[in-house]
Amino acid sequence: MPTPEELEAVTNMNMGALTTVAIYLTVVSGYLAAAYLAGSNLRRSQLLIISCLFVTFALVITYSTYSFVAGAAFTAERFGIPSYRIPGLVMVTAECIGIISALKFMIDIRKSDD
């Protein structure tokens, strides 16, 4: 049976994962708002800068999410707590689909006014 400290370590890593998901949603929402409100008025250089920053931050956050989930699974296994790694891969896949979808949204907004 795991000790309270071991359970707390796993719980803290899972809470870190949830925090990074919340940050991810904030970054994606900000990009979508910028795309909707100003996407058609942006110059190509502005679009490139904003999109590169978005992709960079979103991928770093996606990696952080996976790291927390994988760390929690590894720690849980080490302490004999039943766990599995599939949620981390599902979360990374969903976040990557979200990044691609947000970029597609920006492209669609720009094309609608051309």
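Residues numbered from 1 in each chain as written. Predicted model: local features only at pLDDT ≥ 70, side-chain atom pairs only at ≥ 80, totals over all residues. Heavy atoms only, no water.

Q: Help me understand the pattern of salt bridges in this model?
A: Note on pairing: side chains with opposite charge can pair once their charged atoms come close. With the rule as written, the count across this model stands at 1 salt bridge. Asp-108 is the salt-bridge partner of Lys-104, the closest N and O atoms lying 2.7 Å from each other. A residue pair is termed a helical-turn pair when its members lie 3 or 4 positions apart in one helix, as Lys-104 and Asp-108 do in helix H3 (residues 86-112) at 4 residues. (Salt bridge = Lys/Arg side-chain N within 4 Å of Asp/Glu carboxyl O. Helix = DSSP H or I, 4+ residues; strand = E, 2+ residues; numbered from the N terminus.)

Q: Would you take a moment to explain the nonpolar core for this structure?
A: Soluble globular proteins tend to pack their nonpolar side chains together in the buried interior. Core analysis: the largest hydrophobic core is formed by 12 residues, namely Tyr-24, Val-28, Tyr-31, Ala-35, Leu-42, Leu-47, Phe-54, Ala-58, Ile-61, Ile-99, Ala-102 and Met-106. Listed by contribution, the elements that provide at least two residues to this core are helix H1 (4-38), helix H2 (44-78) and H3. Apart from the residues lying within four places of it in its own chain, the contact partners of Ile-99 are Tyr-24, Phe-54, Val-55, Ala-58, Leu-59 and Thr-62. (Core = buried A, V, L, I, M, F, W, Y, C linked by side-chain atoms within 4.5 Å. Buried < 20%, exposed > 50% of the residue type's maximum accessible area, 1.4 Å probe, protein only. Contact = heavy atoms within 4.5 Å.)

Q: What is the right way to look at the environment of Ser-112 in this model?
A: Inspection of the secondary structure assignment puts Ser-112 in helix H3. On the basis of relative accessible area, Ser-112 is assigned to the exposed category, the value being 53%.

Q: What exactly am I supposed to notice about H2 here?
A: The periodicity of an α-helix, 3.6 residues per turn, causes residues three or four places apart in sequence to face the same way. The end-to-end C-alpha separation of H2 is 50 Å, in line with the 51 Å expected for 35 residues at 1.5 Å each. Of the residues one or two after H2, Gly-80 is the one with positive phi, at around 80°. (Expected span 1.5 Å × (residues − 1).)

Q: Just to check I follow, could you spell out a nonpolar patch on the surface for this structure?
A: Together, Leu-32, Tyr-36, Leu-37 and Phe-105 make up an exposed nonpolar region whose accessible area comes to about 420 Å². Looking at the nonpolar patch, the element that brings in the most residues is H1, giving 3 residues. For Phe-105, the location among the structural elements is in helix H3. Given a relative accessible area of 30%, Phe-105 falls into the partly exposed group. (Patch = residues over 30% accessible without salt bridge, like charges linked within 9 Å, V, L, I, M, F, W, Y side chains within 5 Å. Areas by Shrake-Rupley, 256 points an atom, 1.4 Å probe, with all protein chains shown as cover.)

Q: What is the right way to look at the packing of H1 against H3 in this model?
A: Two quantities define a packed helix pair, namely the angle between the helix axes and the distance between the axes. Where H1 contacts H3, the two axes come as close as 9 Å, and the packing angle between them is 10°. In terms of axis orientation, H1 runs roughly parallel to H3. The segment H1 lies against H3, with Val-21, Tyr-24, Val-28, Tyr-31, Leu-32, Ala-35 and Tyr-36 engaging Met-91, Ala-94, Glu-95, Gly-98, Ile-99, Ala-102, Leu-103, Phe-105, Met-106 and Ile-109. In terms of residue class, the contact of H1 with H3 is built from 15 nonpolar, 1 polar and 1 charged. (Axes fitted to C-alpha atoms, helices over the stretch in contact; angles between N-to-C directions. Parallel < 35°, antiparallel > 145°, perpendicular 65-115°, else oblique. Nonpolar A, V, L, I, M, F, W, Y, C, P; charged D, E, K, R; others polar.)

Q: Please explain the state of the cysteines as it appears in this structure.
A: The full count for this structure, using the stated rule, is 0 disulfides. Distance from the sulfur of Cys-52, which forms no disulfide, to the nearest cysteine sulfur (Cys-96) is 16 Å. The partly exposed category is assigned to Cys-52, whose relative accessible area is 42%. (Disulfide = S-S within 2.5 Å.)

Distances and angles like these do not, on their own, reveal function.
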